Amino acid sequence: MSLYTHFRAFVFLAASLLLVSHPAWATKRVALVVGNSSYQNAPLLPNPANDATAIAATLKNAGFDLVESRIDLTSSDMRRALRDFADQARDADIAIVYYAGHGIEIDGTNYLIPTDARLERDTDIYDEAFSLDRVLLAIEPARQLRVVIVDACRNNPFADTMKRTVASRAISRGLARVEPAVSNTLIAFAAKAGLTALDGNSKNSPYATALVKYIAKPGLDLRRAFGFVRDDVLQATGNRQEPYVYGSLGGDDVALVPKAEEQVPPPVSASSEIRRDYELALQLGNKAAMSAFLAQHPDGYYANLAKLQLNQIDAEDARIAATRKSQEAEQQKARLASQGAQPAVQDKAAADFKAAEDARIAAERTKLAAQEQAAEAERNRTASQSSTVAMLSANEAVPDGAKPDNPAPAVLSPNSEGTKVAALNTAPPQEDLAKSVQSELSRVGCFTGSIDGEWNAASRRSLSLFNRHAGTKFDVKLASLDALDAIKLKPARVCPLICEHGYKADGDQCRKVTCAEGSFLNDDNECEKRRGKKPLAKRNMDERPSRADRPVRDISEPQADFPKRKQATTRPAGGSGQIVCDAYLCRPVRHGCHLDYRGGGGPGGGTGNVEVCN
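Reading the values: rules and limits
Residues numbered from 1 in each chain as written. Predicted model: local features only at pLDDT ≥ 70, side-chain atom pairs only at ≥ 80, totals over all residues. Heavy atoms only, no water. Axes fitted to C-alpha atoms, helices over the stretch in contact; angles between N-to-C directions. Helix = DSSP H or I, 4+ residues; strand = E, 2+ residues; numbered from the N terminus. Left-handed = near helix turned anticlockwise from the far one by under 90°. Contact = heavy atoms within 4.5 Å. Nonpolar A, V, L, I, M, F, W, Y, C, P; charged D, E, K, R; others polar. pLDDT = per-residue confidence, 0-100. Buried < 20%, exposed > 50% of the residue type's maximum accessible area, 1.4 Å probe, protein only. Arc of directions from axis to C-beta. Pairing = 2+ DSSP bridges. Core = buried A, V, L, I, M, F, W, Y, C linked by side-chain atoms within 4.5 Å. Disulfide = S-S within 2.5 Å. Parallel < 35°, antiparallel > 145°, perpendicular 65-115°, else oblique. Phe/Tyr/Trp six-rings, centres within 6.5 Å; stacked < 30°, edge-to-face > 60°.

**Re the packing of helix 6 (residues 206-214) against helix 7 (residues 222-236)**
Right, on to step 1. Running from N to C, helix 6 and helix 7 point in directions that differ by 140 degrees, and their axes come no closer than 9 Å. As for how helix 6 packs across helix 7, the hand of that crossing is right-handed. Contacts between helix 6 and helix 7 involve Pro206, Tyr207, Ala210, Leu211, Lys213 and Tyr214 on the former and, on the latter, Ala225, Phe226, Phe228, Val229, Asp232, Val233 and Ala236.
Right, on to step 2. Tallied by class, residues from the contact of helix 6 with helix 7 come to 11 nonpolar, no polar and 2 charged.

**Some words on the confidence of the model for the protein chain**
Right, on to step 1. Scored by pLDDT, the protein chain comes out at a mean of 77, with 75% of its residues at no less than 70.
Right, on to step 2. Scored below 50 in pLDDT, residues 396-428 makes 54 contacts in the model with residues more than four places away or belonging to other chains.

**Notes on helix 9 (residues 287-296)**
Right, on to step 1. Ala289, Met290, Phe293 and Leu294 are the residues of helix 9 that are buried. In an axial view of helix 9, the angular spread of the buried residues amounts to 135 degrees, which keeps them on one side of the axis. With respect to the buried face of helix 9, the exposed residues turned more than 90 degrees away are Ala288, Ala295 and Gln296.

**Topic: the pairing of strand 7 (residues 145-151)**
Right, on to step 1. Judged by how many residues are buried, strand 7 sits mostly within the fold: 7 of 7 residues are covered.
Right, on to step 2. Taking every second residue as pointing to the same face, both faces of strand 7 are buried, with Leu145, Val147, Ile149 and Asp151 on one and Arg146, Val148 and Val150 on the other.
Right, on to step 3. Inspection of the sheet shows strand 7 paired to strand 9 (residues 185-189) by 5 bridges, in the parallel sense. Bridged to Arg146 within strand 9 is Thr185.

**A word on the sheet that holds strand 1 (residues 29-35)**
Right, on to step 1. Spatially, 6 strands are ordered 2-1-3-7-9-10 in an open sheet, and the strand pairing comes out mixed. The sheet is open, and its two edges are formed by strand 2 (66-71) and strand 10 (244-248), each paired on a single side. Here the strands of the sheet are splayed against their neighbours by 10 degrees on average, with no regard to which way each runs.
Right, on to step 2. Sheet analysis places strand 9 next to strand 10, joined by 5 bridges and oriented antiparallel. Across the sheet, Thr185 pairs through a bridge with Ser248, a residue of strand 10.
Right, on to step 3. Taken strand by strand, helix 3 (residues 75-89) contacts strand 1, strand 2 and strand 3 (94-100), and its axis lies near 170 degrees from that of strand 1.
Right, on to step 4. Across the sheet, helix 5 (residues 132-139) touches strand 3, strand 7 and strand 9, and the angle it forms with strand 7 is around 150 degrees.

**Quick look at the side chain of Glu364**
Right, on to step 1. Relative to the assigned elements, Glu364 resides in helix 11 (residues 343-394).
Right, on to step 2. For Glu364, a relative accessible area of 10% gives the class buried.
Right, on to step 3. In this structure Glu364 touches Leu195, Arg319 and Leu489, once residues within four positions along its chain are discounted.

**Thoughts on the nonpolar core**
Right, on to step 1. Of all hydrophobic cores here, the largest spans 46 residues; its most connected members are Ile113, Ile125, Leu132, Val150 and Phe189.
Right, on to step 2. If one sorts the elements of this core by residue count, helix 3 sits on top with 6 residues.
Right, on to step 3. Beyond its immediate stretch of four places on either side in the chain, Val150 contacts Tyr99, Leu112, Leu132, Leu175, Ala188, Phe189 and Ala190.
Right, on to step 4. By size, the runner-up hydrophobic cluster in this structure holds 38 residues, among which are Ala52, Val67, Leu145 and Leu220.

**Observations concerning the state of the cysteines**
Right, on to step 1. Following the criterion strictly, the structure yields 4 disulfides and no others.
Right, on to step 2. Here Cys581 is linked by a disulfide to Cys586, with a sulfur-sulfur distance of 1.7 Å. Between Cys581 and Cys586, the S-S dihedral sits near 115 degrees, and the bridge is therefore right-handed.
Right, on to step 3. Each disulfide pairs two cysteine sulfurs, and for Cys593 the partner residue is Cys613, the sulfurs being separated by 1.8 Å. Its S-S torsion of about 105 degrees marks the bond between Cys593 and Cys613 as right-handed, since a negative value means left-handed. In this pair, Cys593 is assigned in strand 19 (residues 593-597) and Cys613 in strand 20 (residues 609-613), connecting sequence segments 20 residues apart.
Right, on to step 4. Take Cys593: its relative accessible area is 11%, and that puts it in the buried class.

**What to know about unusual backbone geometry**
Right, on to step 1. Phi angles above zero are rare outside glycine, and Leu119 is one such case at about 50 degrees.
Right, on to step 2. As for its placement among the helices and strands, Leu119 is situated in the loop between strand 5 (109-112) and helix 4 (125-128).
Right, on to step 3. According to the relative accessible area criterion, Leu119 is buried, its value standing at 0%.
Right, on to step 4. Phi at Asn525 is positive, roughly 65 degrees, even though this residue is not glycine.
Right, on to step 5. Tracing the sequence through the fold places Asn525 in the loop between strand 15 (519-521) and strand 16 (527-529).
Right, on to step 6. Taking the relative accessible area as the measure of exposure, Asn525 reaches 14% and is therefore buried.

**Focus: the packing of helix 12 (residues 430-443) against helix 14 (residues 481-488)**
Right, on to step 1. Viewed as axis vectors pointing N to C, helix 12 and helix 14 meet at an angle of 30 degrees, and their least axial separation amounts to 9 Å. In this view, helix 12 runs roughly parallel relative to helix 14, as classed from their interaxial angle. The two elements helix 12 and helix 14 meet at a crossing, and its hand is left-handed. On helix 14, the residues touching Leu433, Ser436, Val437, Glu440, Leu441 and Arg443 of helix 12 are Leu481, Leu484, Ile487 and Lys488.
Right, on to step 2. Class assignment of the residues belonging to the contact of helix 12 with helix 14 gives a composition of 6 nonpolar, 1 polar and 3 charged.

**What about the packing of aromatic side chains?**
Right, on to step 1. A complete count under the given rule lists 7 aromatic pairs for this structure.
Right, on to step 2. Measuring from ring centre to ring centre gives 5.3 Å for Tyr214 and Phe228, while their planes differ by 35 degrees; the resulting arrangement is tilted. With a gap of 14 residues between them, Tyr214 in helix 6 and Phe228 in helix 7 connect regions that are remote in the sequence.
Right, on to step 3. Ring centres of Tyr301 and Tyr302 lie 5.2 Å apart, and the angle between their planes is 75 degrees; on these two criteria the pair is classed as edge-to-face.
Right, on to step 4. Take Tyr301: its relative accessible area is 13%, and that puts it in the buried class.
Right, on to step 5. Judged by its relative accessible area of 5%, Tyr302 falls in the buried class.
Right, on to step 6. An aromatic cluster of at least three residues, connected via ring pairs, comprises Tyr278, Phe293, Tyr301 and Tyr302.

**Things to note about the pairing of strand 4 (residues 103-106)**
Right, on to step 1. Side chains Gly103 and Glu105 project from strand 4 onto one buried face, and the interleaved Ile104 and Ile106 project onto a second face that is buried too.
Right, on to step 2. Looking at chain direction, strand 4 and strand 5 are connected through 4 bridges and run antiparallel. Within strand 5, the position partnered with Gly103 by the bridge is Leu112.
Right, on to step 3. In textbook terms, the turn of a hairpin is the stretch between consecutive antiparallel strands, and for strand 4 and strand 5 this stretch comprises 2 residues, one of which, Asp107, has a positive phi near 50 degrees.

So, in structure tokens, the structure goes:
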């Protein structure tokens, strides 16, 4: 054999060994991480920037070929980032997008909100935000796996100010359920469709904290990683937040980070096959998958777990139907009121709406109870498996291949209907429950204190305030699950916003009252027109007229000094106009005569004036 032949055989053998030892990890992995915290027209979100930084560091440490980390993206920046990342995903095998920030659902479509969005009306969503479909389009070229992680299931900050252009357009809390159109695609939500997520009281949200812990664990199947994330978040939030994954993968394990060494899997037992079938049906999360599992495995421990999952799915379907009926009844009531229908017709519509709303609330409670039962059963299952494996691993005498694949199931107890289910303990720690109640009271505007889990006087006053405005009668001495459920059912503010004098409530903010020119703010916090000054009347202390203001007395008028004299009231025609008086009376001077002064003091005292006639 020639030297050339030996060389070719060596090269072929080396290439074969390389392909066998690394068949699945000669792959290109890329990721886009976005965290929007500083919104220009909405309240600040402190956690998304921190969460995005932690996720980016985790993926970089996991050996990703490219990790684009972007913080506080405006609309133009977000468009450019998605376009550039689509170019990177075109020749990648695995593409991941993580988004933390505000999100909104309108008419069943989910949108991611950039930091400069205003959203003054509902139609602005098409111009100022990015649909989840746009994000899926950016990662669609990836050859093996596409993952979108959305940590945006928060309350809609624009709900109170956004104008509705069409009254029937639905805007709900949380995000809507999605089904990826492309295979080998997973969409992970921080909270289940229609529910909101909690930011938590630490630097990172409970969801991001759990993702950092599990998503890059070497050799861990991605579906199991998201399952562990779900368990951790449920425990951290007192069963109030349940992450959810939509989409499906094949039967092989898919890990973002490979194991250090590939081990030959042990033979699969019958019990482990049932467990894997159940976990696959659980990952699909729909009624058809659970029904198919029960048809294949009608009895046993995992069959009981599947029945709990079916109860949860049925309760969710009933809640959706009840919500739709309530919305239709509300629209019918508003339509009849706008058309000026007869009072009897409007009263019937109002009664129908109240009945539909009561049915919706009852369905919501049933759904929450079924969800808590299924979650607790799953937590008991995973805890039992983990404890059993740990106990066997500690025993050095037991070889690795002898470790059971299906540990002993949790203790089962019969329920009221005779079906065996996992024993439940749905009550979270009191401090966590108090934090959850405080957080929800703050959301509906009844609590302004620190969310610290201390049920103090301020917390009791806030729950009492909620009772007054919501018409409930919860005991304010302690935080309770019933109170938490009732508060979570309120979609908007319950307690009115109270502002100081000089400010008025405008939505969820107090704005300063500005009065127009010529007006002032009165004690009733209203603008009142300023009145002109009235003239003041001055009183003269000396009411007698001054000498200069006294009227001049006519000498021709009769004098009061002679009250007994008879005064002439008429002047004879042709008279001179002069008057002559004697001791007895006064009379006009006769025609042709005149007065002549002869000296003396007048009548009674001398001659005075005498009448002289020619």
